[in-house]
Amino acid sequence: MPRSKAEPSDRSKPGTDFLQLDLSQAPDGGLIGYLTERLRAAIADGRLPMGSRVPPGRVLAEELRVSRGVVTEAYRRLIEDGQLAGRGRAGTFVVAAPIAPPTGVRHAEPRPAHTDFAVAPGHDVFDLLRASPARIDLTPGVPDLAAFPRGGWLRAERRVLDALDPADFGYGDPRGAPPFRRAVADWLARNRGIRVDADDVVIVTGVAQALDLITRVLMDDGIGEIAVEDPGSLGVRQHLASRRLRTPPIPVDAAGLRVDLLRESGAPAVALTPAHQFPTGVVLDGGRRRELVKWADENRGFILEDDYDAEHRYDRPPVPAVQALLPDRVFYAGSVSKTLAPALRVGWLIAPPSHREAMVVAKRYADLGNAVLPQLVLTELMESGELERHLRTLRRRHRRRRDAMIEAIHAHLPQARIHGAAAGLHLTITFDADFRDTDVATRALEHGVKTQPLSWHYQLPNEPGLVLGYAASPPADLARGIALIREAVLTVEGAGPRRGSS
């Protein structure tokens, strides 16, 4: 007698009892939100475990006696949040979940926030901020980690491993795997207008290492200061200071870096983010680019170009990299940290011809070269078009989240001015007020929202503001976070005027 086909396990086809729904508890007109939260809770506590398939929308709607549209919208919201993913005819599956503590295990009370905004930021300020507990994280520079293309990565990795020879697991070229350097050169030509050969590319562990290698080489040339944008990245400034380099601040306005003031400073080099300036979001316009190229050419100055957020644009066309205008004077750095994930620790560096060999030597002595396997997997993703498809998906998702944050700011903080909305993964808001933005950041953290005060990124006196990341949070969290920041602002304003924020 032939064996009947095995029925799918309970894990792959859950019923609806796991929701423990009492529809009478749903608020008027809020059935979709109520169902979404019950599904989210089931994912968080393991009733819907990672990898399990959720009930088909039609089945769940029938069992709950609600319209199919209610279930479809609840699933759509969780897909938007990155907790569910549709896989065509196979169904919809749980792909991400917060870690829930085991039942019956007692935990100590949460430790208080580690970040003290009242003191000048130290070398470990970003580590402390990451460790500070908060329900909603609006710190900038964090991509949507739930969107990482796990399936595409696994498929590419299998193809790579199937094709590798034993010798490929040995020490490689310190510049990086040749196939990946070719793929990066092609990627930069298509997306950034940069024309280089694979031999011009050095693979690094991210922009931080690129900056470290560049400063080593420039210091060997006798350079003791590198001008920086103001406002500009606190992390970059700290990195340069750790090498005992001076960092004269050059103001940024609506057109980008003030090149006239750079010229007056006498600095022999400048670090900047021309495609999407951090944190203001302005683009270095055409006139300033021509001024910058002229400054570098006439003064034999060097430009350290961090191509920050260049791929993430929504309301404006792409702008070419400065490196494409003056390759003989530009050190160019980029990475996959904002496109895929910072944990990959993969980036690239292109040095002027005069410093190319010195850069390879510095990389060799730093670590003998990056891990080869991730480079080859990324090669597959780039050459197959998977990475560009992923980037298009991210842009759509990030645009929706950006729009949700802007809407929330208009609703809860109408007095705030919004900067940098056309591209990137963050917004900056400023206030015409006398309070300290560090006080607002402190109160926001007490309310469970993590952000960065704008004054962290200034050396010169400045207006108060906040730098707000939106890429890593679902729209509901963005709206709630901005509402809590409003409470923080009201608390600080109620404490009376306190001049200055630097």
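The structure displayed is predicted, hence computed values, not measured ones.

This brings us to the overall build of the chain. Scanning the chain from terminus to terminus reveals 15 helices and 16 strands. Scaling as 2.2 N^0.38, a compact globule of 502 residues should have a C-alpha radius of gyration of about 23 Å, and the chain matches this with 25 Å. For the chain, the C-alpha atoms occupy an extent of roughly 80 × 70 × 45 Å along the three principal directions. The 502 residues of the chain split such that 50% are buried. Within the chain, contacts between residues at least 6 apart in sequence are counted, and of these 74% link residues at least 24 apart. Of the charged side chains in the chain, 66 are positive and 64 negative, and the gap between their average positions amounts to 4 Å.

Looking at the chain, pLDDT values average 89 and 91% of them are 70 or higher. A low-confidence stretch, residues 1-15 (pLDDT under 50), is modelled with 13 contacts involving residues beyond four sequence positions or located in other chains. Segment residues 107-111 is flagged for pLDDT under 50; beyond a separation of four residues in sequence, or across chains, it makes three contacts in the model.

A few words now on unusual backbone geometry. Across the junction of Asp-230 and Pro-231, the peptide omega takes the value 5°, indicating a cis bond. Within the fold, Pro-231 resides in the loop between strand 5 (227-230) and helix 8 (234-242). Of note, the amide linkage connecting Phe-278 to Pro-279 takes the cis form, showing an omega dihedral of 5°. Counting through the fold element by element, Pro-279 comes out in the loop between strand 8 (269-272) and helix 10 (286-299). Despite not being glycine, Arg-244 has its phi angle at roughly 60°, a positive value. Checked against the element boundaries, Arg-244 lands in the loop between helix 8 and strand 6 (249-253). Located in the positive-phi region is Leu-368, a residue other than glycine, with phi close to 70°. Tracing the sequence through the fold places Leu-368 in the loop between helix 11 (356-367) and helix 12 (372-384). What makes Leu-368 partly exposed here is its relative accessible area of 48%.

Another point: the side chain of Asp-212. Relative to the assigned elements, Asp-212 resides in helix 7 (residues 207-220). Overall, Asp-212 belongs to the buried group, its relative accessible area being 15%. The contacts of Asp-212, once residues within four sequence positions are left out, are His-239 and Arg-243.

A few words now on the packing of aromatic side chains. Evaluation of the coordinates by the stated rule reveals six aromatic pairs. Residues Phe-148 and Trp-153 carry aromatic rings whose centres are separated by 5.7 Å and whose planes lie at 45° to one another, so their mutual orientation is tilted. With respect to burial, Phe-148 and Trp-153 carry one shared label: buried. An aromatic cluster is present here, built from Phe-117, Phe-126 and Trp-456 joined pairwise through their rings. Above the ring of Phe-93, the side-chain terminus of Arg-87 is found at 4.8 Å from the ring centroid. Note that Arg-329 overlies the ring of Phe-302, its terminal NZ or CZ placed 4.1 Å from the centroid.

Right, let's get into the pattern of salt bridges. Here the structure, examined in full by the defined rule, presents 31 salt bridges. Of the charged contacts in the structure, one is a salt bridge between Asp-260 and Arg-258, with a shortest N-O distance of 2.8 Å. The class of Arg-258 is partly exposed, set by a relative accessible area of 26%. Of the charged contacts in the structure, one is a salt bridge between Arg-263 and Glu-298, with a shortest N-O distance of 3.3 Å. In this pair, Arg-263 is assigned in helix 9 (residues 259-265) and Glu-298 in helix 10, connecting sequence segments 35 residues apart. What makes Glu-298 partly exposed here is its relative accessible area of 49%. Residues joined by salt bridges that share partners form a network here, namely Glu-80, Asp-144, Arg-397, Arg-400 and Arg-401.

Glancing now at the packing of helix 14 (residues 437-446) against helix 15 (residues 475-494). The geometry of helix 14 relative to helix 15 is characterised by a closest axis approach of 8 Å and an angle of 125° between their N-to-C directions. One way to sum up the angle between helix 14 and helix 15 is to call them oblique. Here helix 14 runs over helix 15; the crossing is right-handed. Each of Asp-439, Val-440, Arg-443 and Ala-444 in helix 14 lies in contact with helix 15, whose residues at this interface are Ile-485, Ala-488, Val-489, Thr-491 and Val-492. Of the residues that constitute the contact of helix 14 with helix 15, the class distribution is six nonpolar, one polar and two charged.

Turning our attention to the nonpolar core. By size, the foremost hydrophobic cluster in this structure holds 49 residues, and its most contacted members are Phe-180, Leu-262, Val-270, Leu-292, Ile-303 and Trp-348. Counting residues per element, this core draws most heavily on helix 6 (residues 178-192), which supplies six residues. With residues near it in sequence (within four places) discarded, Phe-180 still touches Ile-203, Val-346, Trp-348, Gln-375, Leu-378, Thr-379 and Met-382. Core analysis: the next-biggest nonpolar cluster, separate from the first, contains 37 residues, Met-405, Val-440, Val-449 and Val-489 among them.

Time to look at the environment of Pro-317. Looking at the element boundaries, Pro-317 is found in the loop between strand 9 (302-306) and strand 10 (330-335). Put simply, Pro-317 and Ala-423 are 106 residues apart on the chain and 9.8 Å apart in space, counted from C-alpha to C-alpha.

So, on to helix 11. With 12 residues, helix 11 extends 17 Å between its outermost C-alpha atoms, agreeing within 8% with the 16 Å of an ideal straight helix rising 1.5 Å per residue. The complete set of buried residues in helix 11 reads Met-359, Val-360, Ala-362 and Lys-363. Angularly, the buried residues of helix 11 cover 160° about the axis, an arc narrow enough to put them on a single face. Residues of helix 11 that are exposed and point more than 90 degrees away from the buried face comprise Glu-357 and Tyr-365.

Let us now look at the sheet that holds strand 15 (residues 452-453). Ordered in space as 12-13-16-15, the four strands form an open sheet in which the pairing is antiparallel. For this open sheet the edge positions go to strand 12 (417-419) and strand 15, each flanked by a neighbour on one side alone. In this structure, strand 13 (residues 426-430) lies alongside strand 16 (residues 465-469), joined through five bridges in antiparallel fashion. Bridging from a neighbouring strand, Leu-427 pairs with Leu-468 of strand 16. Sitting on the sheet, helix 14 is in contact with strand 15 and strand 16, with an inclination near 45° to strand 16.

Rules behind the numbers
- Residues numbered from 1 in each chain as written.
- Predicted model: local features only at pLDDT ≥ 70, side-chain atom pairs only at ≥ 80, totals over all residues.
- Heavy atoms only, no water.
- Helix = DSSP H or I, 4+ residues; strand = E, 2+ residues; numbered from the N terminus.
- Rg over C-alpha atoms; globule rule 2.2 N^0.38 Å.
- Buried < 20%, exposed > 50% of the residue type's maximum accessible area, 1.4 Å probe, protein only.
- Contact = heavy atoms within 4.5 Å.
- Lys, Arg positive; Asp, Glu negative; His and termini not counted.
- Charge placed at Lys NZ, Arg CZ, Asp CG, Glu CD.
- pLDDT = per-residue confidence, 0-100.
- Phe/Tyr/Trp six-rings, centres within 6.5 Å; stacked < 30°, edge-to-face > 60°.
- Lys NZ or Arg CZ within 6 Å of the ring centre and 35° of its normal.
- Salt bridge = Lys/Arg side-chain N within 4 Å of Asp/Glu carboxyl O.
- Axes fitted to C-alpha atoms, helices over the stretch in contact; angles between N-to-C directions.
- Parallel < 35°, antiparallel > 145°, perpendicular 65-115°, else oblique.
- Left-handed = near helix turned anticlockwise from the far one by under 90°.
- Nonpolar A, V, L, I, M, F, W, Y, C, P; charged D, E, K, R; others polar.
- Core = buried A, V, L, I, M, F, W, Y, C linked by side-chain atoms within 4.5 Å.
- Expected span 1.5 Å × (residues − 1).
- Arc of directions from axis to C-beta.
- Pairing = 2+ DSSP bridges.

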